[in-house]
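In case you want the letters, here they are:
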Amino acid sequence: MKKMRYSMFFFILRHASQWGILFLLLVLAGCAGPPERQPLPPEYTLKAGVPGIPEARFWGDEWPTFAAERFEEFTVADFQREYDGIYGKPHNYLAISGGGANGAFGAGLLVGWTESGERPEFTMVTGVSTGALIAPFAFLGPDYDGEMKTMYTTISTKDIARKRKLLAVLSNDSMADTAPLKALIAKVIDAEMIDAIAREHKKGRRLFIGTVNLDAGRSVIWNISAIAVSDYPQKITLIQDLLRASAAIPVAFPPVFITVEAEGKQYDEMHVDGGTGSQVFVYPAAVDWQVITRKLKVKGKPQVYVVRNSFLDADYNGVKRSVFPIASRTIDSLIRTQGVGDLYQIYTLCQRDGNDFNLAYIPSDFTDEPTEGFDPVYMKKLFDRGYQMSLEGYPWEKAPPGFILATE
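Residues numbered from 1 in each chain as written. Predicted model: local features only at pLDDT ≥ 70, side-chain atom pairs only at ≥ 80, totals over all residues. Heavy atoms only, no water.

### Describing the side chain of Thr178
No. 1: Of note, Thr178 is situated in the loop between strand E5 (176-177) and helix H9 (179-188).
No. 2: Among the residues examined, Thr178 registers a relative accessible area of 4% and is labelled buried. (Helix = DSSP H or I, 4+ residues; strand = E, 2+ residues; numbered from the N terminus. Buried < 20%, exposed > 50% of the residue type's maximum accessible area, 1.4 Å probe, protein only.)

Next comes the structure, spelled out in structure tokens:
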């Protein structure tokens, strides 16, 4: 049986044969495009930031200067004061991947983990795309399980996006309008929740999500908890925009423009789905994590839990000889293999830095298929599957798929 693994983008693509006509119209017609923007000049790429929050973000392939300096210059007393909630304690890190509606699996796994009585408090939580939407709930713990379950078992496609009419696409930057998603995020990620995230940041815990700066063509890691604890006047809107940006599938969903400042002037950056850069991450490979665990006097091996909201096995599916089926199948394959590559990178970092690797993903014997991009019936079944597996004691994989562990 064919497994339908696609995101909203694939659903739109596979159910919109009129786009061929649209592309022809785009070539032939001189239509008005979206409003003009004020892109950041290239020379300011490394200087721009969110005013007043120097630790708001960093590149996904670098160890940020401010963090390196802190871990070099801080005294033991500094670390005990700034990271009192995680200093000298065991560390647990949770990384949640993208996957669209398949995020229901990760949500169910977390709720089942709570019910099992074995779920730890996570020192750090990271998320990409749908994983970014789950991440704040996972970060704040079991008290938010109910809201997370509601979001991943009751919403449908209309709660996420509205497909634009053919002519409307000509003057826009995407096939769909995500005003419903914007409203949903504003409803659940409110001021009270952001205050709660700020309190956890003060203890030393961290919440990160990933986007891709499409202007620069690089992944960006946003320190959501640092933004939450800041005095930035628009921090609530900024956090909500960043969560939407992390899930902004290019072409299908509109990009999100983030206002930054450089040399006293404001510009905008175009940010899209973090999965464009990586499907899941824990920390950049450039970071010497052993320095961090040594300075924080971490007890035992840090536990890295990776939740991949996807199937990892390849499946055979005869592809129709037509542009859109070929395109969607190709992207599907690229996302799957990219995701596997990300798992290998995380595993390698765990081996290098002395962390313990644990992986969960959607089992291949889950064969239900969605009828729309975000099908509540499908999502409820997937949530229940993740919940039950976790409640019974999830069989965490100790290596990525295809990796043979050495035997003694």
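There's plenty left to go through after this.
### A word on the layout of surface pockets
No. 1: The space that makes up the second largest pocket amounts to roughly 400 Å³.
No. 2: In terms of lining residues, the second largest pocket is bounded by 20 residues, among which Leu46, Ala48, Arg57, Phe58 and Trp59 are the most central.
No. 3: For the lining of the second largest pocket, the secondary structure elements donating two or more residues are strand E1 (57-59) and helix H3 (65-73).
No. 4: Per element, the largest residue contribution to the lining of the second largest pocket is 3 residues, and it comes from E1. (1 Å grid on protein atoms, 1.4 Å probe; cavity = no way out; pocket = protein on both sides within 12 Å on 5 of 7 lines; lining within 4 Å. Points joined across faces, edges and corners; volume = space filled by probe spheres on them.)

### Here's the deal with the environment of Asp365
No. 1: By secondary structure assignment, the location of Asp365 is in the loop between strand E11 (356-361) and helix H15 (376-391).
No. 2: Asp365 sits 307 residues away from Phe58 along the chain, and the two C-alpha atoms are 39 Å apart.
No. 3: Polar contacts involving the side chain of Asp365 include one to the side chain of Arg385, which spans 2.8 Å. (Polar contact = N/O pair within 3.5 Å; in protein donor to acceptor, adjacent residues only side chain to side chain.)

### Topic: the nonpolar core
No. 1: Membership of the largest hydrophobic core comes to 80 residues, with the highest contact counts inside it found for Leu94, Val125, Tyr152, Ile189 and Trp222.
No. 2: Looking at this core, the element that brings in the most residues is helix H6 (residues 130-140), giving 8 residues.
No. 3: Dropping the residues within four chain positions of it, Ile189 is found in contact with Pro136, Phe137, Ile194, Ile239, Gln240 and Leu243.
No. 4: Core analysis: the next-biggest nonpolar cluster, separate from the first, contains 34 residues, Phe58, Tyr83, Leu312 and Ile346 among them. (Core = buried A, V, L, I, M, F, W, Y, C linked by side-chain atoms within 4.5 Å. Contact = heavy atoms within 4.5 Å.)

### Quick word on the packing of aromatic side chains
No. 1: All chains considered together, the criterion is met by 19 aromatic pairs.
No. 2: Ring geometry for Phe71 versus Phe79: centroids 5.2 Å apart, planes at 45°, classification tilted. Judged on exposure class, the residue Phe71 and its partner Phe79 are both buried.
No. 3: Here the aromatic residues Trp113, Phe122, Tyr305, Tyr394 and Trp396 are joined through ring pairs into a cluster of three or more.
No. 4: One Lys or Arg, Arg205, reaches over the ring of Phe139 and ends 4.2 Å from the middle of that ring.
No. 5: The residue whose ring lies beneath Arg218 is Trp59, and the NZ or CZ to ring-centre distance is 4.1 Å. (Phe/Tyr/Trp six-rings, centres within 6.5 Å; stacked < 30°, edge-to-face > 60°. Lys NZ or Arg CZ within 6 Å of the ring centre and 35° of its normal.)

### A look at the pattern of salt bridges
No. 1: Going through the model one piece at a time under the given rule, you end up with 20 salt bridges.
No. 2: Asp241 serves as the salt-bridge partner of Arg244, at 3.2 Å between the closest nitrogen and oxygen. A residue pair is termed a helical-turn pair when its members lie 3 or 4 positions apart in one helix, as Arg244 and Asp241 do in helix H12 (residues 235-246) at 3 residues. There is no split in this pair, since Arg244 and Asp241 are both buried.
No. 3: We note a salt bridge from Arg352 to Asp353, for which the minimum N-O separation is 2.7 Å.
No. 4: A relative accessible area of 5% places Asp353 in the buried class.
No. 5: It is possible to trace a salt-bridge network through shared partners that takes in Arg37, Asp215 and Asp268. (Salt bridge = Lys/Arg side-chain N within 4 Å of Asp/Glu carboxyl O.)

### As for a negative patch on the surface
No. 1: Negative charge collects at one region of the surface, where Glu147, Asp190, Glu192 and Asp195 lie side by side.
No. 2: Look at Glu147 and you get partly exposed, because its relative accessible area is 38%. (Patch = residues over 30% accessible without salt bridge, like charges linked within 9 Å, V, L, I, M, F, W, Y side chains within 5 Å. Areas by Shrake-Rupley, 256 points an atom, 1.4 Å probe, with all protein chains shown as cover. Lys, Arg positive; Asp, Glu negative; His and termini not counted. Charge placed at Lys NZ, Arg CZ, Asp CG, Glu CD.)

### Brief notes about the packing of helix H5 (residues 103-116) against helix H7 (residues 145-154)
No. 1: Closest axis-to-axis distance for the H5/H7 pair is 10 Å, and the angle between their directions is 150°. By the angle between their directions, the pair H5 and H7 is classed as roughly antiparallel. Between H5 and H7 lies a crossing whose hand is left-handed. The segment H5 lies against H7, with Gly103, Ala104, Ala107, Leu110, Val111 and Thr114 engaging Asp145, Met148 and Tyr152.
No. 2: Its residues assigned to classes, the contact of H5 with H7 comprises 6 nonpolar, 2 polar and 1 charged. (Axes fitted to C-alpha atoms, helices over the stretch in contact; angles between N-to-C directions. Parallel < 35°, antiparallel > 145°, perpendicular 65-115°, else oblique. Left-handed = near helix turned anticlockwise from the far one by under 90°. Nonpolar A, V, L, I, M, F, W, Y, C, P; charged D, E, K, R; others polar.)

### Digging into the side chain of Asp241
No. 1: Among the residues examined, Asp241 registers a relative accessible area of 16% and is labelled buried.
No. 2: In contact with Asp241, other than residues within four places in its own chain, are Val256 and Ile258.

### What to know about H12
No. 1: For H12, which comprises 12 residues, the first-to-last C-alpha distance of 16 Å matches the rise-based estimate of 16 Å (1.5 Å per residue) to within 8%.
No. 2: Within H12 the residues assigned to the buried category are Lys235, Leu238, Ile239, Gln240, Asp241, Leu242, Leu243, Arg244, Ala245 and Ser246. (Expected span 1.5 Å × (residues − 1).)

### Thoughts on the confidence of the model for the protein
No. 1: Averaged over every residue, the pLDDT of the protein is 89; residues scoring 70 or more account for 91%.
No. 2: Within the model, pLDDT remains below 50 along residues 1-7, and this stretch shows 25 contacts once partners closer than five positions in the same chain are excluded.
No. 3: When the criterion is pLDDT under 50, residues 15-19 qualifies, and its contacts beyond four places in sequence or with other chains add up to 12 contacts. (pLDDT = per-residue confidence, 0-100.)

### A look at the environment of Arg37
No. 1: By the element assignment, Arg37 lies in the loop between helix H2 (19-28) and E1.
No. 2: For the pair formed by Arg37 and Met270, sequence separation is 233 residues and the distance between their alpha carbons is 9.5 Å.
No. 3: Within polar-contact distance, the side chain of Arg37 engages the side chain of Asp215 at 2.8 Å.
No. 4: A distance of 2.7 Å separates a polar atom in the side chain of Arg37 from a polar atom in the side chain of Asp268.

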